[in-house]
Amino acid sequence: MTTLEAICADITTLDVDAIVNAANTSLMGGGGVDGAIHRAAGPELVRECMTLNGCPTGEAKITKGYKLKARHVIHTVGPVWHGGVHGEPGLLRACYANSLKLAAENHLQSIAFPCISTGVYGFPADQAARIAVETVQEFMKSPGTTQSVIFCCFSDEDRMRYDALLGLT
Ligand code: ADP
């Protein structure tokens, strides 16, 4: 059985097989959720990230979780919003799909996503949530996929948005 839910929490506190980091192409840490994950994981995380040679937008790379409760971090790079006519929706879809693919390849059973690109990268929250839910629901139809997916929101507004899309309100 698969479960898909939205919660409101600090993603760095979650006890799951992998949390997803909304990273930047350098993978060297940054602000927002990226900074929070690096602070909570400790300096070994950036040391492993240094060996990965960055990550293109829309792709994903996996590391260990170090001091986090989460066993792994899947680093994906969301698109910066430039009006929506530069392939941003497709790139955001790719972030979710490539993260789930990596989770399945590594036999991970539970994964939590933040609201990728909706902070400083400026992707409109409604559209981003629709893309996130559609992409994950589509992916979870395939066999051998991750059993539990959490949309880890950082505001009640975002959580309500996801609940509505998941048909829970
Ligand atoms: P991006 O650069 O992809 O826009 P941000 O980190 O600026 O990334 O924001 C992405 C989302 O992560 C935003 O919705 C922000 O509120 C949220 N966020 C920030 N810190 C955390 C955290 N500790 N746990 C979960 N979500 C967080």
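Residues numbered from 1 in each chain as written. Predicted model: local features only at pLDDT ≥ 70, side-chain atom pairs only at ≥ 80, totals over all residues. Heavy atoms only, no water.

1. Some details on helix α1 (residues 32-41)
Link 1 in the chain: For α1, the set of buried residues is Asp 34, Gly 35, Ile 37, His 38 and Ala 41. Angular distribution of buried residues about the axis of α1 spans 165°; they occupy a single face of the element. In α1, the exposed positions angled more than 90 degrees off the buried face are occupied by Gly 32 and Arg 39.
Link 2 in the chain: Packing partners of the buried residues in α1 comprise β2 (18-23), α2 (43-49) and β4 (72-77).
Link 3 in the chain: Gly 42 lies just past α1 and shows a positive phi near 90°. (Buried < 20%, exposed > 50% of the residue type's maximum accessible area, 1.4 Å probe, protein only. Helix = DSSP H or I, 4+ residues; strand = E, 2+ residues; numbered from the N terminus. Arc of directions from axis to C-beta. Contact = heavy atoms within 4.5 Å.)

2. Observations regarding the sheet that holds β2
Link 1 in the chain: Taken in spatial order, the six strands make up an open sheet running β1-β6-β5-β2-β4-β3, and their pairing is mixed. Strands with a single pairing partner mark the edges of an open sheet, and in this sheet they are β1 (3-8) and β3 (60-64). Going from strand to strand, the sheet's axes swing by 25° on average, the running direction of each strand aside.
Link 2 in the chain: Looking at chain direction, β2 and strand β5 (residues 110-113) are connected through two bridges and run parallel. Looking across to β5, one finds that Ile 19 is bridged to Ala 112.
Link 3 in the chain: Helix α4 (residues 125-139) rests against β1, β5 and β6 (148-153) of the sheet, and its axis sits at about 170° to β6. (Pairing = 2+ DSSP bridges. Axes fitted to C-alpha atoms, helices over the stretch in contact; angles between N-to-C directions.)

3. A look at the site of the ligand
Link 1 in the chain: Near the ligand, the surroundings consist of 14 residues, among which Asp 10, Ile 11, Val 33, Ser 117 and Gly 119 are the closest.
Link 2 in the chain: Between the ligand and Gly 119 there is a distance of 2.9 Å, counted from an oxygen atom to a backbone nitrogen or oxygen.
Link 3 in the chain: Within the backbone of Tyr 121, an N or O atom sits 3.1 Å from an oxygen atom of the ligand.
Link 4 in the chain: Surface burial for the ligand is 87%, taken as the share of its 560 Å² of free accessible area covered by protein chains.
Link 5 in the chain: Of the pockets mapped on this structure, the ligand occupies the largest pocket.
Link 6 in the chain: The dominant element in the shell around the ligand, judged by the number of residues it contributes, is α1, at three residues.
Link 7 in the chain: For the shell around the ligand, the class distribution of residues is nine nonpolar, four polar and one charged. (Near = heavy atom within 4 Å. Polar contact = N/O pair within 3.5 Å; in protein donor to acceptor, adjacent residues only side chain to side chain. Areas by Shrake-Rupley, 256 points an atom, 1.4 Å probe, with all protein chains shown as cover. 1 Å grid on protein atoms, 1.4 Å probe; cavity = no way out; pocket = protein on both sides within 12 Å on 5 of 7 lines; lining within 4 Å. Sits in = over half its atoms within 2 Å of the grid points. Nonpolar A, V, L, I, M, F, W, Y, C, P; charged D, E, K, R; others polar.)

4. Description of helix α5 (residues 156-165)
Link 1 in the chain: For α5, the complete set of buried residues consists of Asp 158, Arg 161, Tyr 162 and Asp 163.
Link 2 in the chain: Tucked inside the fold, the buried residues of α5 contact β1, α3 (88-105), α4 and β6.
Link 3 in the chain: Looking one or two places after α5, you find Gly 167, whose phi comes out positive at around 75°.

Function-wise, these values are silent; they only describe arrangement.
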